[in-house]
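Each chain, letter by letter, is given below.
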Amino acid sequence: QKEVEQNSGPLSVPEGAIASLNCTYSDRGSQSFFWYRQYSGKSPELIMFIYSNGDKEDGRFTAQLNKASQYVSLLIRDSQPSDSATYLCAVWGYQLIWGAGTKLIIKP
Amino acid sequence: DVKVTQSSRYLVKRTGEKVFLECVQDMDHENMFWYRQDPGLGLRLIYFSYDVKMKEKGDIPEGYSVSREKKERFSLILESASTNQTSMYLCASSLGVGVANEKLFFGSGTQLSVL
């Protein structure tokens, strides 16, 4: 059974700090990795994707991938209250496997 | 921007009714998906389709069927609605098969309540 694990949270971070969200996966053959943000009552929206080992930066967001250790992280710098949401990790091998999500709360 | 449109935002049905959930995408995407999302359980794949008239079962297909007669439209059918099918239903599409093409675009969701 291929799995993607996330801490359900909630993860509480002060405004302006760095939020660090983690995701581990079981399938070593996984090729692409996605972070989706889901606001309460809304549908998921893609915010980051990464295919290669290392870091990928997009504005305040950085995705980090370590295939040897089978984890992928999302860092949010200068966290804002508007970043409060559930963050879903999804991993694609031959099918897309979803984590259950981490609820992030940014406290003003 | 990709637009994925689901026909209803909220739907209330009675046990035993046949329910149709419609989804349309406007970006000529090859792949379409139906998920349900329940608190604490995350996203669970019901059915997906990689081409017109083609369908594949996902992780929880029991009690559901799908139809894809046109590339842009993917319908989810609950043959005889039951209370355990009360859930948020999410339709999604993606460009095509392949490492770079699996980014999903979601519709706004349909919250279905079966009484």
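Along each chain, residue indices are assigned from 1 in the same order as the chain's sequence is written. Here every chain gets a letter starting at A, and every ligand a number starting at 1, in the order they are written. Reporting in this predicted model follows two pLDDT cut-offs: at least 70 for local features of residues, and 80 or more for side-chain atom pairs to be given and counted; totals over whole chains, interfaces and linings ignore these cut-offs and use all residues. In computing side-chain values, all of the structure's heavy atoms are included and hydrogens and water are not.

Novice: Would you mind going over the pairing of strand β6 (residues 54-58) of chain A with me for this structure?
Specialist: Across a regular strand the side chains alternate sides, sitting on one face of the sheet and then on the other. All names here are of chain A. As paired strands, β6 and strand β7 (residues 61-66) are joined by five bridges and run antiparallel to one another. Its bridge partner lying in β7, Gly54 is registered against Leu65. Here β6 hands over to β7 after two residues, with Gly59 in that stretch at a positive phi of 65°. Any two strands with at least two DSSP-identified bridges between them are counted as paired. Strands here are runs of E lasting at least two residues and helices are runs of H or I lasting at least four, both read from the DSSP assignment and numbered beginning at the N terminus.

Novice: Explanation requested: the interface of chain A and chain B in the structure shown.
Specialist: Interface extent is often summarised as the accessible area lost during association of the parts. A contact between two residues is defined here by any heavy atoms of the two lying within 4.5 Å. Taken together, the contacts link 17 residues of chain A with 16 residues of chain B. Buried area counts how much accessible surface, traced with a 1.4 Å probe, disappears from two parts once they are put together, with both parts' losses summed. Of all residues in chain A, Ser43, Trp92 and Trp98 of chain A bury the most surface against chain B, accounting for 32% of the area lost on that side. Salt bridge criterion: a side-chain nitrogen from Lys or Arg within 4 Å of a carboxyl oxygen from Asp or Glu. Taken together, the connections running from chain A to chain B amount to zero salt bridges. Counted as a polar contact is a pair of N or O atoms within 3.5 Å, where, for protein atoms, one must be capable of donating a hydrogen and the other of accepting one, and residues adjacent in sequence contribute only when both atoms are in side chains. Taken together, the connections running from chain A to chain B amount to five residue pairs in polar contact (both at pLDDT 80 or more). Elements with a contribution of two residues or more to the side of chain A that touches chain B: β4 (32-38), β5 (45-50), β9 (85-92) and β10 (96-98) of chain A. Broken down by element, the residue count for the side of chain A that touches chain B peaks at four residues, all from β4 of chain A. Each residue belonging to the side of chain A that touches chain B can be placed in one class, and the counts come to eleven nonpolar, six polar and no charged. When residues are sorted by character, Ala, Val, Leu, Ile, Met, Phe, Trp, Tyr, Cys and Pro go into the nonpolar class, Asp, Glu, Lys and Arg into the charged class, and all the rest, Gly among them, into the polar class.

Novice: How should I be thinking about the nonpolar core in this particular structure?
Specialist: Among soluble globular proteins, nonpolar side chains are generally buried collectively. In this text, buried Ala, Val, Leu, Ile, Met, Phe, Trp, Tyr and Cys residues form a nonpolar core when linked through side-chain atoms within 4.5 Å. Per-residue accessibility, obtained with a 1.4 Å probe over protein chains only, is compared with the maximum for each type, and a residue is labelled buried under 20%, exposed over 50%, and partly exposed between these values. Judged by nonpolar contacts, the single largest core of 24 residues is most densely connected at Trp35, Val72, Leu74, Ile76 and Tyr87 of chain A. Listed by contribution, the elements that provide at least two residues to this core are β3 (19-25), β4, β5, β7, β8 (71-76), β9 and β11 (102-107) of chain A. Grouped together as the second largest cluster of nonpolar side chains are 20 residues, Cys23, Ile46, Ile60 and Val66 of chain B included.

Novice: I tried to follow empty space enclosed by the protein on my own but got confused; where do I start?
Specialist: Gaps between atoms show up when a probe of the same size as a water molecule is rolled over them. Think of a 1 Å grid over the protein atoms and nothing else: a 1.4 Å probe that fits but is trapped marks a cavity, an open set flanked by protein within 12 Å on at least five of seven lines marks a pocket, and residues with an atom within 4 Å of a point count as lining. Grid points are joined across faces, edges and corners, and a volume is the space filled by probe spheres set on the points. Tallied over the entire structure, the rule returns one cavity of 30 Å³ or more. Empty space within the largest cavity amounts to approximately 60 Å³. Tallied by class, residues from the lining of the largest cavity come to five nonpolar, four polar and three charged.

Novice: Looking at this structure, how should I read the packing of aromatic side chains?
Specialist: For any pair of aromatic rings, geometry is given as the distance between the ring centres together with the angle between the planes. By convention, a stacked pair of Phe, Tyr or Trp rings (six-membered ring in the case of Trp) has centres within 6.5 Å and planes under 30 degrees apart, an edge-to-face pair has planes over 60 apart, and any other such pair is tilted. Under the criterion given, the structure shown has twelve aromatic pairs over all chains. Here Phe33 of chain B and Phe48 of chain B contribute two aromatic rings whose centre-to-centre distance is 6.2 Å and whose plane-to-plane angle is 25°, an arrangement assigned as stacked. With a gap of 15 residues between them, Phe33 of chain B in strand β5 (residues 31-38) and Phe48 of chain B in strand β6 (residues 42-49) connect regions that are remote in the sequence. With respect to class, Phe33 of chain B is no different from Phe48 of chain B; both count as buried. An aromatic cluster is present here, built from Phe34, Tyr36 and Trp98 of chain A together with Phe33, Tyr35, Phe48, Tyr50 and Phe106 of chain B joined pairwise through their rings. Cation placement over rings: the criterion is NZ of Lys or CZ of Arg within 6 Å of the ring centroid and within 35° of the ring normal. Across the ring face of Phe61 of chain A, the terminal group of Arg60 of chain A is positioned such that the distance to the ring centre comes to 5.6 Å.

Novice: I'm lost on the state of the cysteines in this one. Help?
Specialist: Disulfides are covalent bonds that connect the sulfur atoms of two cysteines. All names here are of chain A. By convention in this document, the label disulfide applies to cysteine sulfur atom pairs within 2.5 Å. Counted by the stated rule, this structure contains two disulfides over all chains. Paired by a disulfide, Cys23 and Cys89 hold their sulfur atoms 2.0 Å apart. Between Cys23 and Cys89 the sulfur-sulfur dihedral comes to about -70°; the bridge is accordingly left-handed. Placement of Cys23 in strand β3 and of Cys89 in strand β9 is noted, with a sequence separation of 66 residues between them.

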